Amino acid sequence: MLTVEELDAGDICLAKEIDIAQEMNDIELCEKVSACSPELLYKTILNIYNGKLQPHKQSSTPTFTCKFEKQDGLIDWSKDALSIHNKIRGLCSWPCCYT
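Every value quoted in this text rests on a predicted model; they were computed, and no experiment measured them.

Visitor: Teacher, can you tell me more about the overall build of the protein chain here?
Guide: Secondary structure summary: the protein chain contains 2 helices and 0 strands in total. Whereas a compact globule of 99 residues would reach a radius of gyration of roughly 13 Å, the protein chain reaches 17 Å, over 25% beyond that. Dimensions of the protein chain, computed from the C-alpha atoms along their principal axes, are close to 55 × 30 × 20 Å. Considering only intrachain contacts with a sequence separation of at least 6, the fraction spanning at least 24 residues in the protein chain is 59%. Averaging the locations of the 10 positively and 15 negatively charged side chains of the protein chain gives two centres separated by 3 Å.

Visitor: Could you clarify how one ought to interpret the pattern of salt bridges in this entry?
Guide: Side-chain pairs of opposite charge can arise where the charged atoms are in close proximity. In the structure shown here, the tally under the stated rule is 2 salt bridges. Among the salt bridges present, the one from K57 reaches D11, with a minimum N-O distance of 3.5 Å. Placement of K57 in the loop between α1 (26–49) and α2 (81–90) and of D11 in the segment before α1 is noted, with a sequence separation of 46 residues between them. What makes D11 buried here is its relative accessible area of 18%. Between E39 and K43 there is a salt bridge, with the nearest N and O atoms lying 3.2 Å from each other. Of this pair, E39 and K43 both sit in helix α1, 4 residues apart, roughly one helical turn.

Visitor: How do you make sense of the side chain of D26 when you look at a structure like this?
Guide: By secondary structure assignment, the location of D26 is in helix α1. The side chain of D26 sits in the buried core without any salt bridge; R89 is the nearest counter-charge, 9.3 Å away. Engagement of the side chain of D26 in a polar contact is seen with the backbone nitrogen of C92, the distance being 3.3 Å. Excluding anything up to four places from it in sequence, D26 contacts R89, G90, L91, C92, S93 and W94.

Visitor: I'm lost on unusual backbone geometry in this one. Help?
Guide: Negative phi is the rule for most residues except glycine; trans is the rule for most peptide bonds. Put simply, W94 and P95 share a cis peptide bond, and its omega is 5°. Within the secondary structure layout, P95 lies in the segment after α2.

What counts and how
Residues numbered from 1 in each chain as written. Predicted model: local features only at pLDDT ≥ 70, side-chain atom pairs only at ≥ 80, totals over all residues. Heavy atoms only, no water. Helix = DSSP H or I, 4+ residues; strand = E, 2+ residues; numbered from the N terminus. Rg over C-alpha atoms; globule rule 2.2 N^0.38 Å. Contact = heavy atoms within 4.5 Å. Lys, Arg positive; Asp, Glu negative; His and termini not counted. Charge placed at Lys NZ, Arg CZ, Asp CG, Glu CD. Salt bridge = Lys/Arg side-chain N within 4 Å of Asp/Glu carboxyl O. Buried < 20%, exposed > 50% of the residue type's maximum accessible area, 1.4 Å probe, protein only. Polar contact = N/O pair within 3.5 Å; in protein donor to acceptor, adjacent residues only side chain to side chain.

Encoded structure:
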């Protein structure tokens, strides 16, 4: 992504779609993204250098969130099973889920 003064608003240089398995947690997703990042970064730099890069506008409005707090890991047992499952796998590294 090209850097601009606005948050998450720069044009996209290159992107790669990755599959997120139903059981994958945030740690595994981070590892998967980290594994494909060097190749994507190399292609981006090479295409910038060769003048072949055609960045494109982001198609969605940026979203904003706040930093996770420990209390964000509290499980709300009134939620449906899939929501609880996704919360646990999404907050595996921090803040972790608890009851």
